[in-house]
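# Structural description and commentary
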Amino acid sequence: MTRPSSMEVAIDLGCGPGYQTLALSDLGYKNVLALDTSQALLDELSKTIESRSIKAILADLRTFPRLVTEGGVDAIVCMGDTLTHLESQNDVSRLLEDTYRALRSDGRLALTFRDFSTELTGTDRFIPVRSDDQRIMLCALLYEPEHVVVNDLVYLLSDHGWELHKSSYRKLRLSPSWVAAEMCRLGFSVEIDASINQMQTIVARKC
């Protein structure tokens, strides 16, 4: 993102352990709010804050407007695959609208998310994630009209041999063109819209 002349407030939505949070602070933002629903991840962030002006907040990212003054935020980021964990496209639309209202004129919004809009078929639905001598992880994708069900299968080597651990969760099938169009509808000017390292990256400026 282009460095603005005044760098007061930045927000990291779905901050996790705080990789982007720390980067925003190190870029020069004077106050950084970091929101996540996992206390364990916020605890990881808290261990690395040191003297930085960062506030780690246990909260749903959709509640962030309660914490800021409308038009008083310089930058907002929502990175990783956080956006696809929202429940519906309406939730995404509301979040984008809230970010637009929160940002000052010329403020920036940066998003990354996985593009599940194109349905994989056959054996392409089975994706290897990681493997070593202690762990084998893959996921199987099951497509629904608006969501994809991600089924994680993890084999862990124990004293008793390989043990299977399973989990399942839904993610939104967000089309990058739809997200960009929503941002433009609200009044953003999209500056970057590209696939980078298998993640869709969109950076926009509030006009």
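Right above here is the structure, for reference.
What comes next concerns the included structure. (Residues numbered from 1 in each chain as written. Predicted model: local features only at pLDDT ≥ 70, side-chain atom pairs only at ≥ 80, totals over all residues. Heavy atoms only, no water.)

### With respect to the side chain of Asp-152
- Looking at the secondary structure, you find Asp-152 in strand β8 (residues 147–158).
- Within polar-contact distance, the side chain of Asp-152 engages the side chain of Tyr-169 at 2.9 Å.
- Not counting chain neighbours up to four residues away, the residues in contact with Asp-152 comprise Met-137, Leu-138, Cys-139, His-165, Lys-166, Ser-167 and Tyr-169. (Helix = DSSP H or I, 4+ residues; strand = E, 2+ residues; numbered from the N terminus. Polar contact = N/O pair within 3.5 Å; in protein donor to acceptor, adjacent residues only side chain to side chain. Contact = heavy atoms within 4.5 Å.)

### What to know about the packing of aromatic side chains
- Per the stated rule, a full pass over the model turns up one aromatic pair.
- Its end group placed over the ring of Tyr-100, Lys-206 keeps NZ or CZ at 4.7 Å from the ring centre. (Phe/Tyr/Trp six-rings, centres within 6.5 Å; stacked < 30°, edge-to-face > 60°. Lys NZ or Arg CZ within 6 Å of the ring centre and 35° of its normal.)

### Looking at helix α4 (residues 176–186)
- Here α4 has its buried residues at Pro-176, Val-179, Ala-180, Glu-182, Met-183 and Leu-186. Taken around the axis of α4, the buried residues stretch over an arc of 155°, which confines them to a single face. Exposed side of α4, more than 90 degrees from the buried face: Ser-177 and Arg-185 are the residues found there.
- Elements that come into contact with the buried residues of α4 comprise α3 (89–102), β5 (103–113), β10 (188–196) and β11 (199–206).
- One or two residues past the end of α4 sits Gly-187, with phi positive at roughly 120°. (Buried < 20%, exposed > 50% of the residue type's maximum accessible area, 1.4 Å probe, protein only. Arc of directions from axis to C-beta.)

### A few points about the nonpolar core
- Ranked by internal contacts, the top residues of the largest apolar core, which has 33 residues, are Ile-11, Leu-13, Phe-64, Ile-76, Leu-83 and Met-183.
- Listing elements by their share of this core, those giving two or more residues are β1 (9–13), β2 (31–36), β4 (73–78), α3, β5, α4 and β11.
- Counting residues per element, this core draws most heavily on α3, which supplies five residues.
- Beyond its immediate stretch of four places on either side in the chain, Met-183 contacts Leu-96, Leu-109, Leu-111, Phe-188, Val-190, Ile-202 and Ala-204.
- Val-32, Leu-45, Ala-75 and Ala-110 belong to the second-largest nonpolar core, a separate cluster that totals 16 residues. (Core = buried A, V, L, I, M, F, W, Y, C linked by side-chain atoms within 4.5 Å.)

### Remarks on the sheet that holds strand β9 (residues 161–172)
- The antiparallel open sheet is built from four strands, whose spatial order is β6-β7-β8-β9. This sheet does not close on itself; its edge strands, each paired only once, are β6 (126–131) and β9. The mean angle between the axes of side-by-side strands here comes to 20°, regardless of whether they run parallel or antiparallel.
- In terms of strand pairing, strand β7 (residues 135–143) meets β8 through nine bridges, oriented antiparallel. When the bridges of β8 are listed, Leu-142 appears paired with Val-149. (Pairing = 2+ DSSP bridges. Axes fitted to C-alpha atoms, helices over the stretch in contact; angles between N-to-C directions.)

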